[in-house]
Amino acid sequence: MSTRQHTALPKAQTLVEALPWLVRHHGKTIVIKFGGNAMVDDQLKAAFAQDVVFLRHAGLRPVVVHGGGPQISAQLDRHGLVSEFKAGLRVTTPEAMDVVRMVLAGQVQRELVGLLNTHGPLAVGLTGEDAHTITATRHRPVIDGEPVDIGRVGEITEIDTGAVETLLDDGRIPVVSSIARSADDGHVYNVNADTAAAALAAALGAETLIVLTDVEGLYENWPQSDEVISRLTASELERLLPELSSGMVPKMRGCLTAVRGGVHTARVIDGRVQHSILLEIFTDDGIGTMVVPDKEDDA
């Protein structure tokens, strides 16, 4: 065998390893929440776009949902608007909401759609406002036993998947910004992107929800240990939720919502690793933490 064939062999082995996963996921919808370092590092952004386009050409139906915390904070600073947080959520005044909307729909989404479309006419951007994709009501978190007004922050009340499914059926990649309009007062609301991705995954009957983070996954006993829990059931996750750090709560709660809503698996993976999505979907090892419904564990 020639040296040339020798060097090519690992590539063939990698493709063969992916085969059962390609068969399993073919034609299935997968919702990916884009965030963390993957959203601000140019190389990671480019690798993310390649991964999503690969999924599409491998026969999957990817949907991308994004927020834009760092970009929103930077733009609020430029406008002289102070970022205030209560119960881990950004207090969003009407003036701040204008900035949030502009950043998510006019900056973050546009850049992501552009990156995806360097590989072909695939991505289409929309917000939760479009075609009533996400409807919300004003969210009032309870702090010290009292409901607190945090402005234009929404709690999802309804998902209409019509526009997203039409795009998927047309072979497109929907890119959804996590803002919503309220049926109560007609205002536009900022919605947590982890929550929006989970709700959309459940409404679409997605095979998988993937949430990109800046950690390796859910740690067994943080900060005493950096051992990552590779797999846990919905009930096991529910018991862990009160002990989690505030940053992981919306992500893991989203995973719980998704699998309880019919999504087969929900995964939190390290977005700092290039091509982490492909590693998670198409290899035997995978990375990060996977949440499965209770009945699957019994089986």
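The structure we're discussing is the one just above.
These lines cover the structure that appears in this document, whether it is placed above or below. Sequence order sets the numbering: in each chain, residues are counted from 1 along the sequence as written. Only residues with pLDDT of at least 70 are given local features in this predicted model, and only at 80 or more are side-chain atom pairs given and counted; all residues enter the totals for whole chains, interfaces and linings. Note that water and hydrogens are dropped before the side-chain values are worked out from all heavy atoms of the structure.

Secondary structure follows DSSP: runs of H or I at least 4 residues long count as helices, runs of E at least 2 residues long count as strands, and numbering of each begins at the N terminus. As for its placement among the helices and strands, Arg 253 is situated in helix 8 (residues 249-260). When a residue's accessible area, from a 1.4 Å probe over protein chains only, is under 20% of the maximum for its type it is buried; when over 50% it is exposed; and in between it is partly exposed. On the basis of relative accessibility, which here comes to 46%, the residue Arg 253 falls in the partly exposed class. Linking Arg 253 and Ala 131, residues 122 residues apart in sequence, is a C-alpha distance of 26 Å.

All right, on to the packing of aromatic side chains then. Ring pairs shown here join Phe, Tyr and Trp side chains whose ring centres sit within 6.5 Å, with only the six-membered ring taken for Trp; geometry is labelled stacked below 30 degrees between planes, edge-to-face above 60, and tilted in between. By the definition in use, this model includes two aromatic pairs. Here the aromatic rings of Phe 54 and Phe 282 are separated by 5.8 Å at their centres, their planes lie at 65°, and the arrangement is edge-to-face. A residue pair is termed long-range when its members are at least 10 positions apart, and Phe 54 in helix 2 (residues 42-57) and Phe 282 in helix 9 (residues 276-282) qualify at 228 residues.

A word on empty space enclosed by the protein. Whether a set of points on the 1 Å grid over the protein atoms alone is a cavity depends on a 1.4 Å probe fitting there but being unable to get out, while an open set qualifies as a pocket with protein on both sides within 12 Å along at least five of seven lines; lining residues are those with an atom within 4 Å of a point. Grid points are joined across faces, edges and corners, and a volume is the space filled by probe spheres set on the points. As enumerated under the stated definition, the model contains two cavities of 30 Å³ or more in all. In this structure, the largest cavity spans a volume of roughly 70 Å³. For the lining of the largest cavity, the element with the most residues is helix 2, which contributes four residues. Considered as a void within the structure, the second largest cavity measures approximately 40 Å³ in volume. Phe 34, Met 39, Lys 45, Val 108, Glu 111, Leu 112 and Leu 115 are the residues that line the second largest cavity. In terms of residue count, the dominant contributor to the lining of the second largest cavity is helix 4 (residues 94-116) (four residues). Residues that form the lining of the second largest cavity fall into these classes: five nonpolar, no polar and two charged. Amino acids are sorted into nonpolar (Ala, Val, Leu, Ile, Met, Phe, Trp, Tyr, Cys and Pro), charged (Asp, Glu, Lys and Arg) and polar (every other residue, Gly among them).

This brings us to the pattern of salt bridges. Any carboxyl oxygen of Asp or Glu within 4 Å of a side-chain nitrogen of Lys or Arg constitutes a salt bridge here. As enumerated under the stated definition, the model contains 14 salt bridges in all. Between Arg 267 and Glu 280 there is a salt bridge, and its shortest N-O distance comes to 2.9 Å. Taken as a pair, Arg 267 in strand 15 (residues 265-270) and Glu 280 in helix 9 lie far apart in primary sequence, 13 residues in all. A single burial state applies to Arg 267 and to Glu 280, both of which are buried. When salt bridges with common partners are traced through the structure, they connect Lys 33, Asp 194 and Lys 251 into a single cluster.

Strand pairing is defined by DSSP finding a minimum of two bridges between the two strands. Spatially, the eight strands line up as an open sheet ordered 5-10-2-1-13-15-16-14, and their pairing is mixed. In the strand order of this sheet, the two ends are held by strand 5 (123-127) and strand 14 (231-233), each with one partner. Each neighbouring strand pair of the sheet contributes to a mean axis angle of 20°, computed without reference to strand direction. Here, residues are in contact when the closest pair of their heavy atoms is within 4.5 Å. Here the axes come from fitting lines to C-alpha atoms, over the contacting stretch only for helices, and the angles between their N-to-C directions go from 0 to 180 degrees. Helix 2 contacts strand 1 (29-34), strand 2 (61-66), strand 10 (173-177) and strand 13 (208-213) of the sheet and is inclined by roughly 170° relative to strand 1.

What follows deals with the sheet that holds strand 6 (residues 134-138). Two pairing modes exist for strands in a sheet, parallel and antiparallel, and in both the strands are linked by backbone hydrogen bonds. Spatially, the four strands line up as an open sheet ordered 9-6-11-12, and their pairing is mixed. Either end of the sheet is taken by a strand with one partner, and the two such strands are strand 9 (154-159) and strand 12 (188-190). Mean inter-strand twist for the sheet, computed between neighbouring axes without regard to direction, equals 50°. The sheet contacts of helix 4 involve strand 11 (179-182) and strand 12, and relative to strand 12 the element is tilted by about 75°. Each of strand 6 and strand 9 is contacted by helix 6 (residues 193-204), which is oriented at about 15° to strand 9, the strand it contacts most.

Turning our eyes to something else, we now look at the environment of Leu 218. Checked against the element boundaries, Leu 218 lands in the loop between strand 13 and strand 14. Judged by relative accessible area, Leu 218 falls into the buried class, the value being 4%. With 103 residues separating them along the chain, Leu 218 and Leu 115 place their C-alpha atoms 29 Å apart.

A rise of 1.5 Å per residue sets the reference length of helix 8, with its 12 residues, at 16 Å; its end C-alpha atoms lie 16 Å apart and thus fit the reference within 8%. Taken together, the buried positions of helix 8 are occupied by Lys 251, Met 252, Gly 254, Cys 255, Leu 256, Ala 258 and Val 259. Those residues of helix 8 that are buried are in contact with strand 1, helix 6, strand 13, helix 7 (234-240), strand 15 and strand 16 (289-292). Positive backbone phi, approximately 110°, marks Gly 262, located one or two places after helix 8. Multiplying one less than the number of residues by 1.5 Å gives the expected span of a helix.

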